[in-house]
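Residue-level structural notes
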Amino acid sequence: MKEKIKALKNLLSEKKNIVITVHRGPDGDAMGSALGLYNILIQEGHNVNVISPNDYASFLHWLPNNENVIVFTEKEGEAKSITANAELIFLLDFGKISRLDTYEEPVRNSSAAKVMIDHHQEPDESISDLLFSDVTACATAQIVFEIIQEIGYSHLINKDVAECLYAGIMTDTGSFKYASTTQKTHHIIADLIAKGADNAKIHDLVYDNFSDNRLKLLGYCLNQKLQILKENNAAIISLNAEELEKFNFQKGDTEGVVNYALMIEGIVCAAFIAEKEGMVKLSLRSKGDFKVNEIAKKYFNGGGHTNAAGGVSDLSVEETIIKLESIFNKYKSEIINTKF
Ligand code: 5GP
Ligand code: MN
């Protein structure tokens, strides 16, 4: 770690053209980490751009300096030229370059030094010059905080930085309730509040900001679409494109839906399937030591963490449900014997 910090310090010792990017469909941790780092680096006089592969949920648009984020799919030309001119690229909250989607090629072609900061399992070592990987970290934003500290930039953590990193850690820990939340996390959160993060405001902006359609869609999922596989201690919620259309689906509207299935007594594994942008996306969640990232990786070309993973299916929603049911049957004894 010491050597890596030295190398990063060296990379930042002169003013540079810097790009910060995140995985496709960035969540609170990805955008919080990216804008947290952005709000540090602009104070050091670097020319910094945050480029997201695609658009993201509106409940993240309040993040300080979000208006400066360039969405690759909306401004390809500008994003490509900025990327080609970059001297340093930060890759945040993902370990596989394919998660950049159509932005992968411009990043690959860039001669910039690449620094990856991530907390997912098995990050690809070959795509970065400098890799900060901590799979025990609850959020990439926590690692970003630690790097800022190690590098000697703590004095640059202002209210903007603190609110971005707070949002990252809050969203990736399910508001500090997942097992990944440690004493260290709470110490960092205390520090961020001391630096000006308004915890109640951030919680309100992220979680109590639903449109009426979003709340009705959640009601529909729970009332009509929740399929409980009692024998398997598992549950599936699914939505096809027409159903999403009916509720005027906006990005982020289905975030968190999968977690409701885990609120049922005895359910230790839950899946949410949705047909979005011509793809069938899966979100998998579990409790205890049942590893949903193995299922995501093996059957759905995806990955993630032990208790939260995702991937894509090349089948229809209906066929994906059938495939999942058979997977849950295969893993039945493992699910039933989950240790907490
Ligand atoms: P979510 O279900 O919220 O989209 O994602 C949950 C977790 O799974 C996140 O940590 C995310 O990084 C990971 N994940 C989601 N989709 C994919 C995917 O398509 N590929 C990989 N490798 N990981 C994913
Ligand atoms: Mn994350």
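Now for a look at the structure at hand. Only a predicted model underlies this, so the values are computations on that prediction, with no experimental measurement involved.

**Remarks on unusual backbone geometry**
Backbone geometry places D101, a non-glycine residue, at a positive phi of 60°. Structurally, the position occupied by D101 is in the loop between strand 4 (88-92) and helix 4 (104-109). Using a relative accessible area of 36% as the deciding quantity, one classes D101 as partly exposed. Even without being a glycine, N233 presents a positive backbone phi close to 55°. Residue position: N233 is located in the loop between strand 7 (226-229) and strand 8 (234-239).

**Overview of the site of ligand 1**
As a structural note, the neighbourhood of ligand 1 is formed by 13 residues, with R99, H120, K281, S283 and R285 the closest of them. Here a nitrogen atom of ligand 1 sits 3.3 Å away from a polar atom, N or O, in the main chain of G303. The backbone of G310 places a nitrogen or oxygen atom 3.1 Å from an oxygen atom of ligand 1. Surface burial for ligand 1 is 78%, taken as the share of its 490 Å² of free accessible area covered by protein chains. When contributions to the shell around ligand 1 are tallied by element, the ones reaching two or more residues are strand 10 (279-286), strand 11 (303-304) and strand 12 (308-313). Ranked by residue count, the leading element in the shell around ligand 1 is strand 12, at four residues. For the shell around ligand 1, a count of residues per class yields two nonpolar, eight polar and three charged.

**Some points on the packing of helix 5 (residues 140-151) against helix 6 (residues 159-172)**
Two numbers describe how helix 5 lies on helix 6: the axes approach to 8 Å, and their chain directions differ by 140°. One element, helix 5, and the other, helix 6, form an angle in the oblique class. Touching A141, Q142, V144, F145 and I148 of helix 5 are L165, G168 and I169, all from helix 6. Residues belonging to the contact of helix 5 with helix 6 are distributed by class as follows: six nonpolar, two polar and no charged.

Criteria and thresholds
- Residues numbered from 1 in each chain as written.
- Chains lettered and ligands numbered in written order.
- Predicted model: local features only at pLDDT ≥ 70, side-chain atom pairs only at ≥ 80, totals over all residues.
- Heavy atoms only, no water.
- Helix = DSSP H or I, 4+ residues; strand = E, 2+ residues; numbered from the N terminus.
- Buried < 20%, exposed > 50% of the residue type's maximum accessible area, 1.4 Å probe, protein only.
- Near = heavy atom within 4 Å.
- Polar contact = N/O pair within 3.5 Å; in protein donor to acceptor, adjacent residues only side chain to side chain.
- Areas by Shrake-Rupley, 256 points an atom, 1.4 Å probe, with all protein chains shown as cover.
- Nonpolar A, V, L, I, M, F, W, Y, C, P; charged D, E, K, R; others polar.
- Axes fitted to C-alpha atoms, helices over the stretch in contact; angles between N-to-C directions.
- Parallel < 35°, antiparallel > 145°, perpendicular 65-115°, else oblique.
- Contact = heavy atoms within 4.5 Å.

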